[in-house]
Amino acid sequence: MTAAGESFPLTRLSVLAAARSQDGAERARALDTLFGVYWKPVYKYIRLKFSQSPQDTQDLTQGFFAELLERGLLSRFDPAKSRLRTYLRLCVDSFVLNEMKAASRRKRGGKIMQIALDFSAAEDELCTQAINPASIASLESLENFFEKEWIRSLFSSAVDELRGDCEAQAKQKAFQLFEAYDLSEENVSYAELAVSFSLSLTEVNNRLAWARRQFRRIALHRLRALCDSEEEFAREARTLFGISTK
Amino acid sequence: MTFLSDKALGRLHGSEAPDLSGTRFTLCELIARGGMGAVYVAEDEKLSRRVALKVLDTLDANGDLTARLTREARILAQLEHPGIVPVHDVGALPDGRVYYTMKLVRGCRLDKHVAQLDSLPQRLRLFLRVCDAVAFAHARGVVHRDLKPANIMIGSFGEVLVMDWGLAKIWGEREVTVGEKIFISSPKAEPENPSTESTVITGRGTVMGTPGYMSPEQARGDTQEIDLRSDIFSLGTLLTFIAAGGVQGKSPALPRALLAISVKATAENPSARYANVSQLAGDLSLYLDGLPVSVYSENFFERFGRFFKRHQAAILLITAYLIMRVLVLFFFHR
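So, on to the overall build of chain B. If you tally the helices and strands in chain B, you get 10 helices and 13 strands. Buried residues in chain B amount to 51% of all 334 residues. With the model as given, the accessible surface of chain B reaches about 15,700 Å², and the carbon-plus-sulfur share is 58%.

A few words on helix H2 (residues 64-78) of chain B. Taking 1.5 Å as the rise per residue, H2 of chain B with 15 residues should run 21 Å; its terminal C-alpha atoms sit 21 Å apart, in good agreement. Those residues of H2 of chain B lying buried are Leu-65, Arg-68, Leu-69, Thr-70, Arg-71, Glu-72, Ala-73, Ile-75 and Leu-76 of chain B.

To continue, consider the sheet that holds strand S6 (residues 107-109) of chain B. Strand pairing in a sheet relies on backbone hydrogen bonds. The paired strands run either parallel or antiparallel. Residues and elements named next belong to chain B. The strand order S6-S8-S9 describes an open sheet built from three strands, whose pairing is antiparallel. Across the chains shown, the open sheet's two edge strands, defined by having one partner strand only, are S6 and strand S9 (160-162). Shown here is a sheet whose adjacent strand axes are inclined to one another by a mean of 30°, direction ignored. With three bridges joining them, S6 and strand S8 (residues 152-155) adopt antiparallel strand pairing. Residue pairing for S8: Gly-107 is matched across the bridge by Gly-155. On the sheet, helix H4 (residues 120-139) packs against S8 and S9 and is oriented at approximately 45° with respect to S9.

Time to look at the side chain of Ser-262 of chain B. All names here are of chain B. One can find Ser-262 in helix H7 (residues 256-265). For Ser-262, a relative accessible area of 6% puts it in the buried group. Non-local contacts of Ser-262, meaning those with residues more than four positions away in its chain, are made with Gly-236, Leu-239 and Thr-240.

Turning next to the environment of Cys-227 of chain A. Structurally, Cys-227 of chain A can be placed in the loop between helix H10 (201-226) and helix H11 (230-241). Residues in contact with Cys-227 of chain A, not counting those within four places in the same chain, are Ser-14, Glu-232, Phe-233 and Glu-236 of chain A.

Before going further, it helps to examine the pattern of salt bridges. As enumerated under the stated definition, the model contains 24 salt bridges over all chains in all. When the shortest N-O distance is used, the salt bridge between Arg-152 of chain A and Glu-149 of chain A registers 3.1 Å. Here the residue Arg-152 of chain A and the residue Glu-149 of chain A both occupy positions in helix H7 (residues 139-168), the gap between them amounting to three residues, near one helical turn. A salt bridge links Arg-229 of chain B to Asp-227 of chain B, with the shortest nitrogen-to-oxygen separation between them at 2.8 Å. If you follow the salt bridges from partner to partner, you end up with Lys-44, Lys-148, Glu-149 and Arg-152 of chain A together with Asp-6 of chain B in one network.

Let's shift gears to the nonpolar core. Counting residues in each nonpolar core, the largest one holds 76 residues, and the members touching the most others are Phe-155, Phe-178 and Phe-215 of chain A. With residues near it in sequence (within four places) discarded, Phe-178 of chain A still touches Val-159, Leu-162, Leu-183, Leu-208, Ala-211, Arg-212 and Phe-215 of chain A together with Leu-12 of chain B.

Our next topic: the confidence of the model for chain A. All names here are of chain A. Residues of chain A with pLDDT of at least 70 account for 81%, and the chain-wide mean is 77. Averaged pLDDT values over the elements of chain A bottom out at 39 in helix H1 (residues 4-7) and peak at 91 in helix H8 (residues 172-183). Here residues 1-12 scores under 50 on pLDDT; set against residues more than four positions off or in separate chains, the count is 25 contacts.

Before going further, it helps to spend a moment on unusual backbone geometry. With phi around 55°, Ala-170 of chain A is a residue other than glycine that occupies positive phi space. Tracing the chain through its elements places Ala-170 of chain A in the loop between H7 and H8. When its relative accessible area of 61% is taken as the criterion, Ala-170 of chain A is described as exposed. Here the phi dihedral of Asp-164 of chain B falls at roughly 50°; this positive angle occurs in a residue that is not glycine. Position of Asp-164 of chain B relative to the elements: it lies in the loop between S9 and strand S10 (169-170). Given the relative accessible area of 32%, Asp-164 of chain B is considered partly exposed.

The rules behind each value
Residues numbered from 1 in each chain as written. Chains lettered and ligands numbered in written order. Predicted model: local features only at pLDDT ≥ 70, side-chain atom pairs only at ≥ 80, totals over all residues. Heavy atoms only, no water. Helix = DSSP H or I, 4+ residues; strand = E, 2+ residues; numbered from the N terminus. Buried < 20%, exposed > 50% of the residue type's maximum accessible area, 1.4 Å probe, protein only. Areas by Shrake-Rupley, 256 points an atom, 1.4 Å probe, with all protein chains shown as cover. Expected span 1.5 Å × (residues − 1). Pairing = 2+ DSSP bridges. Axes fitted to C-alpha atoms, helices over the stretch in contact; angles between N-to-C directions. Contact = heavy atoms within 4.5 Å. Salt bridge = Lys/Arg side-chain N within 4 Å of Asp/Glu carboxyl O. Core = buried A, V, L, I, M, F, W, Y, C linked by side-chain atoms within 4.5 Å. pLDDT = per-residue confidence, 0-100.

As structure tokens, then:
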């Protein structure tokens, strides 16, 4: 398993269509991408919803993705009925409950595809987020949590790709501005950025606008591949970049 | 993989949205994006109402775009007409970008609306209301220069509004240019782009308008030639589009008189077109009333057909009466 950003397939097929493809290489790349975007949300979700230990959660996460392949769960997904992430979340619920009931959890990762996931990074993120499980006890909160983690995962990989693009195009300053203004915890003004980067206000604005446009393009490109239809893509794009209405 | 905090996620969600802090407006949602800027729905906190807020996408180094947006707002402010969207306010964001707010029009675009209208007279009456607004603007010395279905909105109560005066020109005013930049907004380039047609704006005022609707003099970039007759050309193409029921590229089998109006309005040479919008609207009204139009000479049969269509009920009544009389006379004299 590679980072999602490195393995993203530039194909006209959506990831789901590619995952159902007869071409083994195409299918493997698609699954790689799908896992890249979803494994962290799945891991964190299992950790919080089922209060499992990190070790058990790792086994369950591996087991879930193995089950996804073994039982061909993706081929049963119907975009007309639900969104992919809702379907996957329900599959996770069902899988974990079955595993817990049978108390026969077993490692399955190496059977079909070796999934090397950086669980320590996910665990560190959970610590950084300092989430109180009691605060997301309700079903609705858990759904929101899963959705938010999915967006975080998608955006994170888009940011990584943007960083690479900026380096390749010698536009590191644009990425640094983007990082300082949009990704940082601190609130800085354009004027402060202009002073610290020795740029004019116009340059700060234009470079930031460029970086944001690139970020948006990359994120939408990735999202398109994860959607099965134009309708789903339009709906998800609105969720990602639509501004909340009052 | 980079870990993004909740705060960063929040910022990235609205990564294209302007920062309205320090203004009386709160951002709600993006509704349109064009070559120069974007239009959002915003809440006016002081008046507790929703408005449309148009803002530049970027700060422009030489101020040309700022001048253009400000000018657009000023032009709109001069055009107080029920068929033209009213402007409320002009201001600048904390980052220096200029914005203006206008009435938020809820409804649908002309191209979507006409497809729902089955009757040709209904569609033509809609077109006449567009003509009203454009004629008013011309009377104030303003040429729209980008009349097309996407720039006309039909409100919830059936009101017809001519939108997007970003390319408008005032006669006698020096052309504001935008350097050598070319802005193209196309839905194919960005799938989330709500706009559906391309607007091309180039430097030194060379080409301004939308291919398919702009006049030949606009396409040539001949800015000195552009006057109200350029809008008449666009209205002519719009008339064909509306008469076809909103199907672009389709050559509808129009009645000859209507076709002649359209041909006159879209003449290659500006001097061969209608001299003003009132003449075009006048001919169209005559057509709708079943009267001869100025640009088409009818033959006898066409004149008779139009006469019959116009007085159909009376002719049928008289004919029925005469037949009755003949029958009565025939039976009484047998």
